[in-house]
Amino acid sequence: MAESAEELASLVEYIVTPLVDCPDDVDVSVADDDGQTLIEVRVNESDAGKVIGRQGRIIKSIRTLTRAAASRKGAHVEVELVD
């Protein structure tokens with residue numbers, strides 16, 4: 001499970017990095033909690049809006065893609081953008 005969580009974190013980082021102006025500030029961490037994986041994304045304060053997108057469309061899409069990838073392995077995952 002930990003291996004697939006790291007793969008999912010890499011997927012999220014791969015998607016988020018080109019979206020931001022400060023790619024060096026992108027930090028993706030993984031936490032497991034009772035069979036559910038939480039992926040926390042930290043970006044530069046000025047880039048948060050780019051990751052969220054208009055009406056939350058981009059972050060919603062990132063969550064959808066990550067959940068789809070996780071479902072292929074039978075895992076449950078949540079993606080959160082942390083301040």
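Everything that follows concerns the structure shown earlier in this document.
Summary of the structure given here. (Residues numbered from 1 in each chain as written. Predicted model: local features only at pLDDT ≥ 70, side-chain atom pairs only at ≥ 80, totals over all residues. Heavy atoms only, no water.)

**Focus: the overall build of the protein chain**
Each helix and strand in the protein chain was counted, giving three helices and three strands. Order of helices (α) and strands (β) in the protein chain, N terminus to C terminus: α-β-β-α-α-β. Taking 12 Å as the expected radius of gyration for a compact globule of 83 residues, we find that the protein chain reaches 12 Å, a close match to that expectation. Taken over the C-alpha atoms alone, the protein chain extends approximately 35 × 25 × 20 Å along its principal axes. Of all 83 residues assigned to the protein chain, the portion counted as buried reaches 29%. Sequence separation of 24 or more characterises 58% of the internal contacts of the protein chain that already satisfy a separation of 6 or more. As displayed, the protein chain has an accessible area near 5,400 Å², and 48% of this comes from carbon and sulfur atoms. (Helix = DSSP H or I, 4+ residues; strand = E, 2+ residues; numbered from the N terminus. Rg over C-alpha atoms; globule rule 2.2 N^0.38 Å. Buried < 20%, exposed > 50% of the residue type's maximum accessible area, 1.4 Å probe, protein only. Contact = heavy atoms within 4.5 Å. Areas by Shrake-Rupley, 256 points an atom, 1.4 Å probe, with all protein chains shown as cover.)

**With respect to the pairing of strand β1 (residues 27-33)**
Pairing of β1 with strand β2 (residues 36-42) involves seven bridges; the strand directions are antiparallel. Note that in β2 the partner of Asp-33 across the bridge is Gln-36. Here β1 folds back onto β2 in antiparallel fashion, the turn holding two residues, of which Asp-34 has a positive phi close to 50°. (Pairing = 2+ DSSP bridges.)

**A look at the nonpolar core**
Among the nonpolar cores identified, the biggest contains 17 residues, and Val-12, Val-16, Ile-39, Val-41, Val-43, Val-51 and Val-79 are the most heavily contacted of them. Those elements that place two or more of their residues in this core are α1 (2-16), β2, α3 (57-71) and β3 (76-82). Element by element, the count of residues in this core is highest for α1, at four residues. Apart from residues no more than four positions distant in its own chain, Ile-39 is found in contact with Leu-8, Ala-9, Val-12, Val-28, Ser-29, Thr-66, Val-77, Glu-78, Val-79 and Glu-80. (Core = buried A, V, L, I, M, F, W, Y, C linked by side-chain atoms within 4.5 Å.)

**Some thoughts on the sheet that holds β3**
Sheet strands pair by backbone hydrogen bonding; their relative direction is either parallel or antiparallel. If you trace the three strands from one edge of the open sheet to the other, you get β1-β2-β3, paired in mixed fashion. At either end of the open sheet lies a strand with only one pairing partner, and these are β1 and β3. Adjacent strand axes in the sheet meet at a mean angle of 20° when their direction is disregarded. Sheet strands touched by α3: β2 and β3. Its angle to β3, the strand with the most contacts, is close to 155°. (Axes fitted to C-alpha atoms, helices over the stretch in contact; angles between N-to-C directions.)

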